[in-house]
Amino acid sequence: RHGSIEKEIGIEMLLAKLGFDTKGLEADDLPSLQTLYEKAAGGDAGLLRAIRESWDLIGMMSVNVCSLLNPELIVLGGDILPLADELKARIEELLQQYCLDPCEVKISMQGARASVIGAVQVACGRVYRQLGI
């Protein structure tokens, strides 16, 4: 299928699997991924099932990255903290099953701030290089 991975594992897809119509809603009208993960961790079985289905796609993406790029480490971050250990275990299981040389998987404790922190670090690095620091 064509399109971004977000279309397959994002908030809209999770809500659609639960029967919610998200057409016409703005991003601010949708619950955060962290809220959905917290609800699933709190016992919402239908939501947990939908989230676990998305993990297989995340896991197979990780298998592809590991197979193509052979990284030493894959870092999971974002709003996954309520179910991070379970997601990590599923990805490790798929890496062991499909990769000749599976890489390590770790969880970032930065939560949703991880991408912002990374972007700031990249920007600072460029400034330091330009200044010769």
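Residues numbered from 1 in each chain as written. Predicted model: local features only at pLDDT ≥ 70, side-chain atom pairs only at ≥ 80, totals over all residues. Heavy atoms only, no water.

(A) Unusual backbone geometry, seen in detail. Residues other than glycine seldom take positive phi values, yet Asn70 does so here, at roughly 50°. Along the chain, Asn70 turns up in the loop between helix H4 (45-69) and strand S1 (73-76). (Helix = DSSP H or I, 4+ residues; strand = E, 2+ residues; numbered from the N terminus.)

(B) Focus on H4. Taking 1.5 Å per residue, 25 residues should reach 36 Å; H4 reaches 36 Å between its end C-alpha atoms and fits that length. Among the residues of H4, Leu47, Leu48, Ala50, Ile51, Ser54, Trp55, Ile58, Gly59, Ser62, Val63 and Cys66 are the ones counted as buried. Where H4 is buried, its residues contact helix H1 (5-9), helix H2 (11-17), helix H3 (33-41), S1 and helix H5 (84-98). Of the residues flanking the start of H4, the one acting as N-cap is Asp44, its side-chain oxygen 3.4 Å from the backbone nitrogen of Gly46. Just downstream of H4, Asn70 is the residue with a positive phi angle, here 50°. (Expected span 1.5 Å × (residues − 1). Buried < 20%, exposed > 50% of the residue type's maximum accessible area, 1.4 Å probe, protein only. Contact = heavy atoms within 4.5 Å. Polar contact = N/O pair within 3.5 Å; in protein donor to acceptor, adjacent residues only side chain to side chain.)

(C) Fine view of the pairing of S1. Here S1 shows a clear split, with Ile74 and Leu76 buried on one side and none of Leu73 and Val75 buried on the other. Sheet analysis places S1 next to strand S2 (residues 104-107), joined by four bridges and oriented parallel. Bridging across to S2, Leu73 finds its partner in Glu104. For the handedness criterion, the β-α-β arrangement of S1, H5 and S2 is classed as right-handed. (Pairing = 2+ DSSP bridges. Right-handed = clockwise from strand over helix to strand, strands pointing away.)

Interpretation in functional terms is not warranted from these geometric data alone.
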